[in-house]
Amino acid sequence: MNGPAAGAVRERTGDDLAQCVRILAEVHRRDGYPVDWPDRPEAWLSPAASLGAWVAELDGRTAGHVGLSRGGQGDLAPGLWCERAGTDAESAAVVGRLFVAPWARGHGIGALLIDRAVREARGHGLHPVLDVVASDTAAAALYERLGWQRMATVEQLWGPGRTVAVHCYAGP
């Protein structure tokens, strides 16, 4: 990291979506996230169960994105958290759709975005959780540096005959 982050995080607006999709496309080409490019990236960034979405800005430019939502189909971490905590499935919120523009990396933007999502989850009385593809070692390292605890690594079916290893994390 190049020192303290000079970025700011704010609520995402509709005007931000096109730029977020452009950054997501760059991240997908460079890093393979998301693993499967969505048919409708704007809708992918705005899931129906959304509790909010935020963008980070650095030097006046959109530098990253994070969302917070209720668990949905395919989200494994909420069920694991609730089982371990002895609570119902409604007590967790999923941090997701996190990405940082390649040009903005090394400035603490990912940590700023995660912090915002965690504070929002707690503000709703929810515990933050997330799933990450096991091959995304940089993301897993970031979560672990920030105090997230890996609950499990599971094989998840991502289509006919295709399984992917996924780490499930609970926030600090």
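Values in this document were obtained by computation on a predicted structure and should not be read as measured data.

Time to look at the overall build of the protein chain. Within the protein chain, the secondary structure is distributed over five helices and seven strands. Ordered by position in the sequence, the α and β elements of the protein chain form the string β-α-α-β-β-α-β-α-β-α-β-β. Taking 16 Å as the expected radius of gyration for a compact globule of 172 residues, we find that the protein chain reaches 15 Å, a close match to that expectation. Judged by the C-alpha coordinates and their principal axes, the protein chain covers about 45 × 35 × 30 Å. Burial analysis of the protein chain (172 residues in total) assigns 44% to the buried set. Counting only contacts in the protein chain whose residues sit at least 6 apart along the sequence, the fraction spanning at least 24 positions is 65%. Approximately 8700 Å² of the protein chain is accessible, and the part contributed by carbon and sulfur atoms is 49%. One way to put it: in the protein chain the 17 positive side-chain charges average out to a point 3 Å from where the 20 negative ones average out.

For the rest of this paragraph, the subject is the side chain of His65. In this fold, His65 is placed in strand β3 (residues 61–69). Overall, His65 belongs to the buried group, its relative accessible area being 0%. Among the polar contacts listed, one links the side chain of His65 to the side chain of Arg12, at a separation of 3.0 Å. With sequence-adjacent residues up to four places away left out, His65 is seen in contact with Arg12, Cys20, Leu45, Ala53, Trp54, Val55, Arg97, Leu98, Phe99 and Leu113.

Side chains that differ in charge, positive against negative, can pair when their charged atoms come close. Within this structure, the stated rule accounts for nine salt bridges. For Arg10, the salt bridge identified is with Asp16, shortest N-O distance 2.7 Å. Residue Arg10 is classed as partly exposed on the basis of its relative accessible area, which comes to 27%. Given the relative accessible area of 8%, Asp16 is considered buried. Of the charged contacts in the structure, one is a salt bridge between Arg116 and Glu120, with a shortest N-O distance of 3.1 Å. Here Arg116 pairs with Glu120, and both are found in helix α4 (residues 109–123), just four residues apart, close to one helical turn.

Take the pairing of strand β7 (residues 163–170) next. With six of its eight residues buried, β7 lies for the most part within the structure. Across five bridges, the pairing between strand β5 (residues 127–133) and β7 is antiparallel. When the bridges of β7 are listed, Val133 appears paired with Val166. Bridging between strand β6 (residues 149–157) and β7 involves eight bridges; their strand directions are antiparallel. Within β7, the residue paired with Arg150 across the bridge is Tyr169. Once β6 ends, the chain turns through five residues before running back antiparallel as β7, passing Gly159 with a positive phi of about 130°.

Rules used throughout
- Residue numbers here run from 1 along each chain, matching the order of that chain's written sequence.
- Reporting of local features is limited, given that this is a predicted model, to residues whose pLDDT is at least 70; pairs of side-chain atoms are given and counted only at 80 or more, and all residues count toward the totals for whole chains, interfaces and linings.
- As a rule here, side-chain values come from all non-hydrogen atoms in the structure, and water together with hydrogens is ignored.
- Counting from the N terminus, the helices are the DSSP runs of H or I reaching at least four residues and the strands are the DSSP runs of E reaching at least two.
- In this description the radius of gyration comes from C-alpha coordinates, and the expected globular size is given by 2.2 Å times residues to the power 0.38.
- Accessible area is worked out with a 1.4 Å probe on protein chains only. A residue is then buried under 20% of its type maximum, exposed over 50%, and partly exposed in between.
- In what follows, a contact means two residues having at least one pair of non-hydrogen atoms within 4.5 Å.
- Surface exposure here means Shrake-Rupley accessible area, sampled with a 1.4 Å probe, where a residue is shielded only by the protein chains that are shown.
- Neither His nor the chain ends is counted toward charge; the positive residues are Lys and Arg and the negative residues Asp and Glu.
- The atom standing in for a charge is NZ when the residue is Lys, CZ when it is Arg, CG when it is Asp and CD when it is Glu.
- A 3.5 Å cut-off defines polar contacts: any pair of N or O atoms within that distance qualifies, except that in protein one atom must be a possible hydrogen donor and the other a possible acceptor, and neighbouring residues in sequence count only when both atoms are side-chain atoms.
- What makes a salt bridge here is a side-chain nitrogen of Lys or Arg within 4 Å of a carboxyl oxygen of Asp or Glu, nothing more.
- DSSP calls a pair of strands paired once it identifies at least 2 bridges connecting them.

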